[in-house]
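Spelled out, the chains give:
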Amino acid sequence: MAKPLTLHFPALALAAAIGLAAQTAYAAESLTVVSWGGAYGAAQQKHMIDPFQNDTGVKVLFEDYTGGVAEMKAQVESGNVQWDVVDVEVIDLERACSEGLLEELPRDILPAGADGTPAAEDFIPEALASECAVGNIVWSVVFAYNKDTIGGTAAASIGDFFDLGKIPGKRAMRKRPQVNMEWALMADGVPPEDVYEVLATPEGQQRAFDKLATIKKDIVWFDSWSQAPQLLNDGGAVLVQSANGRFYDSIRQENKPFVIVWDGHVYDLDAWAILKGSKKKDLALKFIAYATESKPLAGMSDVAYGPTRKSSTPMMDPTAAPHLPTAHLDKGIQAGSEFWADYGESLGERFNEWLLK
C-alpha cells in the first residue's frame, strides 16, 4: 500500500504547485466586468464574480450601467476602452455586434456541462445565436402592483397598464422605446405574434406612440431596473415595469406585497460579451467560460432568471421554477433583437423627441 501512496503524493504536490503558479500568474491582473446591479448583480457577485476571484486570484472590478449601446459605442469609437466584459441585453446585442462594438467569441472556450454534455448541445440555441456573446440568463420585462396601494381593482392584463380610468395613478417605465412600444401595441389590440410586423411600419410606430401618449402625463420615467421596486414600495407609481427578478427578489427576500402580472411580458436573454479593443481579451474569455458553467448559471434562479444551460436545471432551487419566465411563455413574446438592430437608432431618436413634446 505504501508504494502507490509514495507515487501519488508527489503528483498531488505537483498539481497543487501548478495550480498555485497559475493563480499567482493571474493575481496581479484585474478585469472590469459591467452588469446591472441590484438583486441580479448580487446574484452574479455570489455565483460568478467571487468564485472566479477566489479560484484565479484575479481582481474583478464589478460595475453597473443602465444598458443600451451608447456607452459601449463611445468607448470603442474613442479608442478609450474602459470595460472588458459587459452583460448586454440580447435586444441590444444584434446592433452592438453588427456595429463592431464587440469581439467575436470562439465557442471552443466553453466547457462541457456538469453532466458531460458538450457545450454546443447543453446551451439553449438562443444563447449561442450571436458570434459576439454567450447567453447567460432568460429574463422578462413584466409589471407589478402593490397589494397595499392598488385600490379596489387589481391589474390583470397589459391593457390595464394603459387604462387610467380602470386603475388611476402613476405608471413607472424605463426611459427607452424597447418594450414600451411593444406593450403599447399589445394594449391597443395588436395580437402578440403580429407586434413586430406592425411595428416595422410607419403606421404601426405612430400607433404605438399614440397609445403611449394616452398615459404620458402619468408616466414616471426611470433609467435603472434597480429603481423599480423602490417606486412600487414607496407609492411613487401604482403600476411599475421591471425585470421579473427585481420584483421576485423583493417578494422573496423582503416579503413585499407585490404581485407580478405576466400578461404581455417581453422575454429576452442577457449575454456576456467583450468590448471591442479590450486589452484583456484572453482574461475576459476565461471569465466568460467560467461564469457560464453549469453551477454559476444555476445560481441565477436565486432571482428567478432561467439558466441557459440544460445541465443547470437539476442544480436550481426547485421553488423558483414557477417564477421563471419560461413558465409563462404563453403570455408573452420574445424580444425582437433583429427588429431593434434595424430600428433601434431611429426609434430611439424619435422616442427622445417625443419625450420632449
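Residues numbered from 1 in each chain as written. Predicted model: local features only at pLDDT ≥ 70, side-chain atom pairs only at ≥ 80, totals over all residues. Heavy atoms only, no water.

Novice: So what exactly am I meant to see when it comes to the state of the cysteines here?
Specialist: Overall, the coordinates contain one disulfide when judged by the stated rule. One disulfide bridge connects C97 with C132, the sulfur atoms lying 2.0 Å from each other. What sets the handedness of the C97 and C132 disulfide is the S-S torsion sign, and at about 60 degrees it is right-handed. Within this pair, whereas C97 is found in helix 4 (residues 90–98), its partner C132 is found in the loop between helix 5 (119–122) and strand 4 (133–146), the two being separated by 35 residues in sequence. We classify C97 as buried; its relative accessible area is 15%. Residue classification places C132 among the buried residues on the basis of a relative accessible area of 2%. (Disulfide = S-S within 2.5 Å. Helix = DSSP H or I, 4+ residues; strand = E, 2+ residues; numbered from the N terminus. Buried < 20%, exposed > 50% of the residue type's maximum accessible area, 1.4 Å probe, protein only.)

Novice: What exactly am I supposed to notice about empty space enclosed by the protein here?
Specialist: One water molecule sets the probe size; rolling that probe over the atoms shows where empty space is left. Scanning the model with the defined rule gives two cavities of 30 Å³ or more in all. Of the pockets and cavities examined, the largest cavity occupies roughly 60 Å³. In this structure, the largest cavity is lined by W36, Y40, E89, I137, W139, W225, A243, R246, D270 and Y305. When its residues are assigned to classes, the lining of the largest cavity shows seven nonpolar, no polar and three charged. No fewer than three residues from each of domain 1 (30–139 + 269–334) and domain 2 (140–267 + 337–356) sit in the lining of the largest cavity. Space inside the second largest cavity adds up to approximately 40 Å³. (1 Å grid on protein atoms, 1.4 Å probe; cavity = no way out; pocket = protein on both sides within 12 Å on 5 of 7 lines; lining within 4 Å. Points joined across faces, edges and corners; volume = space filled by probe spheres on them. Nonpolar A, V, L, I, M, F, W, Y, C, P; charged D, E, K, R; others polar. Domains from an automatic or database assignment.)

Novice: Looking at this model, I keep getting lost on the layout of surface pockets. Mind explaining?
Specialist: Of the volumes computed, that of the largest pocket is approximately 500 Å³. Among the elements that line the lining of the largest pocket, the one with the most residues is helix 14 (residues 337–356), at seven residues. Of the residues contributing to the lining of the largest pocket, the split by class is six nonpolar, seven polar and nine charged. Two domains each donate at least three residues to the lining of the largest pocket, and these are domain 1 (30–139 + 269–334) and domain 2 (140–267 + 337–356). Approximately 290 Å³ is the volume found for the second largest pocket. Lining the second largest pocket we find 17 residues, and of these V90, E94, E126, A129 and S337 sit closest to its centre. Mapped by element, the contributors of at least two residues to the lining of the second largest pocket are helix 4, strand 4, strand 8 (258–274) and helix 14. Of the residues in the lining of the second largest pocket, the class split is eight nonpolar, five polar and four charged.

Novice: Honestly, the pattern of salt bridges in this entry has me stumped. Any pointers?
Specialist: Two side chains bearing opposite charge may form a pair once their charged atoms approach each other closely. Taken as a whole and assessed by the stated rule, the structure comprises 13 salt bridges. The partner of K73 in a salt bridge is E99, with the nearest N and O atoms 3.6 Å apart. Of the two residues, K73 is situated in helix 3 (residues 70–78) and E99 in the loop between helix 4 and helix 5; the sequence distance between them amounts to 26 residues. For R309, the salt bridge is made with D122, and the minimal N-O distance between the two is 2.9 Å. Taken together, the residues span a long stretch of sequence, with R309 in the loop between strand 9 (306–307) and strand 10 (332–334) and D122 in helix 5 at a distance of 187 residues. Of the two residues examined, R309 and D122, each falls in the buried class. (Salt bridge = Lys/Arg side-chain N within 4 Å of Asp/Glu carboxyl O.)

Novice: Can you help me understand the environment of M300 in this one?
Specialist: Structurally, M300 is set in the loop between helix 13 (294–298) and strand 9. Judged by its relative accessible area of 0%, M300 falls in the buried class. As a C-alpha pair, M300 and V138 span 162 residues in sequence and 9.6 Å in three-dimensional space. Each residue touching M300, except ones within four places of it in the same chain, is listed here: Y40, A43, Q44, H47, M48, I137 and Y305. (Contact = heavy atoms within 4.5 Å.)

Novice: Is there a simple way to think about the environment of V134 in this case?
Specialist: Structurally, the position occupied by V134 is in strand 4. Between the C-alpha atoms of V134 and A271, which are 137 residues apart in sequence, the distance is 5.1 Å. Those residues within four positions of V134 in sequence are excluded, and the remaining contacts are L105, R107, L110, F123, A127, L128, D270, A271, W272, I288 and T292.

Novice: Looking at this structure, I do not really get the domain arrangement of the chain. What am I missing?
Specialist: Many structure descriptions define interface size as the accessible area lost when the parts assemble. The domain architecture assigned to the chain consists of domain 1 (30–139 + 269–334) and domain 2 (140–267 + 337–356). If you average the C-alpha positions of domain 1 and of domain 2, the two centres end up 25 Å apart. On the domain 2 side, the residues contacting the 31 residues of domain 1 number 32 residues. Of the roughly 2,800 Å² buried between domain 1 and domain 2 on both sides combined, carbon and sulfur atoms contribute 58%. If you sort the residues of domain 1 by the area they bury against domain 2, I91, W139 and I333 come out on top, with a joint share of 27%. Between domain 1 and domain 2 we count three salt bridges in total. E89 is paired through a salt bridge with R174; the nearest N and O atoms lie 3.0 Å apart. Here domain 1 and domain 2 share 12 residue pairs in polar contact (both at pLDDT 80 or more) between them. Residue composition of the side of domain 1 that touches domain 2, by class: 14 nonpolar, nine polar and eight charged. (Buried area = accessible area lost by both parts, 1.4 Å probe. Polar contact = N/O pair within 3.5 Å; in protein donor to acceptor, adjacent residues only side chain to side chain.)

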